Every structure is written in C-alpha cells, then in structure tokens.
Protein chains: 2
Amino acid sequence: MRTLKLVVAYDGSAYHGFQKQKNAVTVQNILEEVLSKLCGETVVLAGSGRTDAGVHAWGQVVSLETKGSIPCANLIRASKKMLPPDIVIISAEEVEAGFHARYSAKWKRYQYRIVENEFDSPFEVKYAWQMRETLDLEAMNEAAGYLLGTHDFSAFRSSGSVETSPIRTMHEAKWERRGKEVIFTIGGDGFLYHMVRNLVWSLVQVGTGKRTPEDFAVELSAKRCEFLNEPASAQGLYLKEVFYEDYAP
Amino acid sequence: MRTLKLVVAYDGSAYHGFQKQKNAVTVQNILEEVLSKLCGETVVLAGSGRTDAGVHAWGQVVSLETKGSIPCANLIRASKKMLPPDIVIISAEEVEAGFHARYSAKWKRYQYRIVENEFDSPFEVKYAWQMRETLDLEAMNEAAGYLLGTHDFSAFRSSGSVETSPIRTMHEAKWERRGKEVIFTIGGDGFLYHMVRNLVWSLVQVGTGKRTPEDFAVELSAKRCEFLNEPASAQGLYLKEVFYEDYAP
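Throughout what follows, the structure given in this document is the object of discussion.

Rules used in this analysis
Residues numbered from 1 in each chain as written. Chains lettered and ligands numbered in written order. Predicted model: local features only at pLDDT ≥ 70, side-chain atom pairs only at ≥ 80, totals over all residues. Heavy atoms only, no water. Helix = DSSP H or I, 4+ residues; strand = E, 2+ residues; numbered from the N terminus. Rg over C-alpha atoms; globule rule 2.2 N^0.38 Å. Buried < 20%, exposed > 50% of the residue type's maximum accessible area, 1.4 Å probe, protein only. Contact = heavy atoms within 4.5 Å. Areas by Shrake-Rupley, 256 points an atom, 1.4 Å probe, with all protein chains shown as cover. Polar contact = N/O pair within 3.5 Å; in protein donor to acceptor, adjacent residues only side chain to side chain. Axes fitted to C-alpha atoms, helices over the stretch in contact; angles between N-to-C directions. Parallel < 35°, antiparallel > 145°, perpendicular 65-115°, else oblique. Left-handed = near helix turned anticlockwise from the far one by under 90°. Nonpolar A, V, L, I, M, F, W, Y, C, P; charged D, E, K, R; others polar. Least-squares fit on C-alpha atoms with pLDDT ≥ 70 in both. Buried area = accessible area lost by both parts, 1.4 Å probe. Salt bridge = Lys/Arg side-chain N within 4 Å of Asp/Glu carboxyl O.

### Notes on the overall build of chain A
Counting its secondary structure elements, chain A contains five helices and 10 strands. A compact globule built from 249 residues would reach a C-alpha radius of gyration of about 18 Å, and chain A, at 19 Å, matches this within 12%. Along the three orthogonal principal directions, the C-alpha set of chain A runs to about 55 × 40 × 35 Å. Counting over 249 residues, chain A shows a buried share of 56%. Looking at chain A alone, contacts between residues at least 24 apart form 70% of all its contacts between residues at least 6 apart. Per element, the accessible surface of chain A, about 11300 Å² overall, is 50% carbon and sulfur.

In structure tokens:
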C-alpha cells in the first residue's frame, strides 16, 4: 500500500466547493473520479480541509492510499489530460504511511484578494472583491496585528460552524498592496467557519474608516459578535498553502 | 434620434465571439437584448470589429441609434443589473449623428498576454498563453520593430480572411515583461484575420530561439506564408482600445 500526497490548484468558480457531495459537482468528486482511473481502483481522498463554493486554491493538499503502482510523474502528466483545465495537480509524492492531508497538517496560509478599481472588471468578478474605495492599509495592518498569537475567535465564526473549540493561533496576518491589488495573507493552525472572510470584512471596515483598529481589537476580545459582520465574498479567497511542519518564524 | 457610443469590456471565455449569430450566444446578442430593453425599442449595434471566440476586450466600442431617452448614466447603472457579470459597459456617451463604431475608427490597440510559469495555472488557462520557456524579449522586440510602418501583411493572414487589401499600417509593436507576465502591445489602422495571433506565434518562435529577428523580417517581406505559422491561442488576446482620432506619436 502506498500513501500519496498531492498538491492541487483549482479555480473554484465552477464548483460547489471542495468537499464531496452526492448531487453536486465538487473538486473532490472530480479528483476522486480521475485518480481512481489512474490508480486502477476506487480511491478515497482526504483533503486538508473544505473550501466553500467559489473559493480557490493554489495549494490544497490531498492524500490517498492506493495499491496502484503508477509513478508520481506519470500520474501528474496523465492527470493533465483527464482533469478539466480549472483543476491542476501541481505535485505528487509518495509519503510515509499514516500521512493524512487533514490530521497531519500543522498550519495553513490563506490569501484574500481585493482589487481597488475604477470599474467592475469582468476579469475580476470571480477572482477578487472589487471596490471603488482606496483602503488605509496602515490602519488595517494595525488591526491585523491584534490577530497574532492565540485567541478565542468566536466573534468571527459564522453560525453553522461545527468546530468545537474557538481557540486558534495565528502566525501571520498582513496586508500588502501590489499595484491595484490589495492582498491579505493570514496563516494559522486552524480556522473557524467563514473566519477568514469575516475577518476580511471587518478589517475592510477599518480600511474605509468606518471602524478604528481599537474597535477591531474590542470586537476580537468580545468573543461574540457584537458588531455587524458578514463574510467577504468567496471569490476573493485562496487556500494558498498547507504546512506539515511546525511554524518557524 | 440619438447616437450613442459605448465602451464595453468582456471576458470572452463563455461566448462564441463578439459578432451576432443566430444559433450561438455572442457578446453582441446579449448586448442588443439588454440595450433594446433599456432603450424601449429594438436597437441594432455596430461593433468596432469582431473578436473571435475566447478573445477578450477591455475597450470594445459599439454604437447605436435610438429614439430612447434614457440618460447615459442611468443606462450604465441599469445595465449592471441586467448584463451577466462577464460583460460590462464601462462608459456611454451621446455623440454626433453619423458616428459609427467601425467606420469612424482610426486605429486600434490589441494586447496579447503570455505567462511564463512553472505550472499550468487553472487561473490563467482562459486568460493567457502559458509557457514554461523564458522568452528573449530583446530579440522579440528587434523582430517586432520590423512591423512598424506600412506593410503588406499577407504572410500573417489566416485563410478565411475577408479583407480585400493586405496593406496595413502599424503604429506600435512592443513586448514588455511585468513580473511573470509578458505583454505584447500592437496598435495599427487595421488587422487582417488572425493577424495579431499569427504575429504573436511567430514572434514567440524568435523569443525561444527557433528563428532570428532577421528570419522574421524575411517572413514579413515574403508577403506569403513560407514559414509555418499558426495563431497563438485566442485566450491571450485582448482588444484593448479603439481610437477615433488619428494616431499621434
């Protein structure tokens, strides 16, 4: 029995999220279908976590066990002809038995992409939150600084969350401007339901001057939603990378 | 009777080109449907020119005549709710009678987008030509320099072309690197069928060392296709801007 670790990128626009569903087309459905053919047997994938409908991935990780003998390089090459072009296996490697994309993960990095633009670009509608405002990144970074370390993130958990503990540790939380793009990078040991998108929405309130960084700190420490929050659109969110070693600053 | 000039951006991925067709969904079909509703009468659009299936536009121009009285600002606002998000009316203005998007145009600018990348990105597949090679932009710009001025472009016209004269004048032809993107900008008074995509393909042969800039000059002056040419993929091509004044360097 071999255990394989695959890194997968996908444009989530056309899919009902990552996680397998009976009556909807998801990324996992497609991947399992193709990988089962390539492995010569029905395989079941473990993903590092779900992504919602419309959310994208540069570095989703999936693991599987198979008796199939296809070499990893051949698997990547053959998958390009079988997968739709919006799902790409970037790398594949054999790993030690027991490796599990979700349970072995130590931390994850997400990015959220905002475009400060003059009009509603048809090229960005599926890939970013487009806004006319110019954001105050200094204020947003001051607020984001409060996220670092270990906190109770209940204030940024959407209802419908199944996670038991709201305690998470954030290693990275930073806004950067690249041309007309504004990118938020956040890395941590785990994320509650809609947490990144709720954080982005609240931080944008700071960036447009509707709240102060101190308001944001109060919101975080309140541990429950006293402020109006709503998740930023799925289209701007990217699962960037999943790490299987401890965070090292 | 009012004459309106609209600038339209679209993601061409989902459409069978710009030009109206009876049994296929095209950008013009959609625009005429929505604009007829907004003008309160059936309107017929004139586009500055066709774009092929999969080709995009930042600045396609369309003109129409209407008795409808809707103010231009309202037309833009209302169209956002009626058009699919991959077609956007960027601007609308009333112009003098007789203005025609195609016949009044003096010159056009196209861009072609190449991504030098490490893998086949699911995010670029509809928006660029992805290649693993690193292109020699100096050689490509040397070759592109031969395009400036007035030439017979027969060597770069695909069969199926309906244009009578193969003589065109190019005002701009330049390659630029922006991060991992390589952008070709070409501006001229008109383009033959598949001309930009054929030029891009040939210039990339120069950029990868398969031909020299001098080979390219010979190809251009041959006025017929002695070299193997094929159009670069539609996905990388963007109609950037249509100009209604003479070119001024």
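### Structural notes on the side chain of Thr26 of chain A
Residues and elements named next belong to chain A. Here Thr26 is to be found in the loop between strand 1 (2-10) and helix 1 (27-39). Of note is the side chain of Thr26, whose polar atom sits 3.4 Å from the backbone oxygen of Phe18. Excluding residues that lie within four positions of it along the chain, Thr26 makes contacts with Tyr15, His16, Gly17, Phe18, Gln19, Lys20 and Gln21.

### Details of the packing of helix 3 (residues 137-145) of chain A against helix 5 (residues 213-222) of chain A
Residues and elements named next belong to chain A. It is the contact of helix 3 with helix 5, at a shortest axis distance of 8 Å, that shows an interaxial angle of 25 degrees. The angle between helix 3 and helix 5 falls in the class roughly parallel. Crossing of helix 3 over helix 5 shows right-handed handedness. For the pair helix 3 and helix 5, contact is made by Ala139, Glu142 and Ala143 and by Pro213, Glu214 and Phe216, respectively. Classifying every residue of the contact of helix 3 with helix 5 gives four nonpolar, no polar and two charged.

### Brief notes about unusual backbone geometry
All names here are of chain A. Of note, His194 is a non-glycine position whose phi angle comes to about 65 degrees, a positive value. Summarising the element assignment, His194 is placed in the loop between strand 9 (181-188) and helix 4 (195-207). For His194, a relative accessible area of 18% puts it in the buried group.

### Focus on the relation of the copies chain A and chain B
Each copy superposes on the other: chain A lies on chain B with an RMSD of 0.0 Å after a rotation of 180 degrees and an axial shift of 0.0 Å. Put plainly, the chains are arranged around a two-fold axis. Measuring from the rotation axis to each C-alpha of chain A, the shortest distance belongs to Phe123 of chain A, at 5.4 Å. Both copies contact each other with a shared surface, as 100% of the interface residues of chain A are interface residues in chain B too.

### A closer look at the interface of chain A and chain B
Counting residues at the interface gives 22 residues for chain A, matched by 22 residues for chain B. Regarding the contact of chain A and chain B, the summed buried area is about 1700 Å², with carbon and sulfur atoms giving 76% of it. The largest per-residue losses of area from chain A upon contact with chain B belong to Phe119, Pro122 and Phe123 of chain A, which jointly make up 37% of the total buried on that side. The interface formed by chain A and chain B contains two salt bridges. Ionic pairing is found between Lys80 of chain B and Asp120 of chain A, a salt bridge with its closest N-O pair at 3.6 Å. Counting the contacts that link chain A with chain B gives zero residue pairs in polar contact (both at pLDDT 80 or more). The set of elements that each furnish at least two residues to the side of chain A that touches chain B consists of strand 1, strand 3 (56-66) and strand 4 (87-95) of chain A. Here the side of chain A that touches chain B is composed, by residue class, of 14 nonpolar, two polar and six charged.

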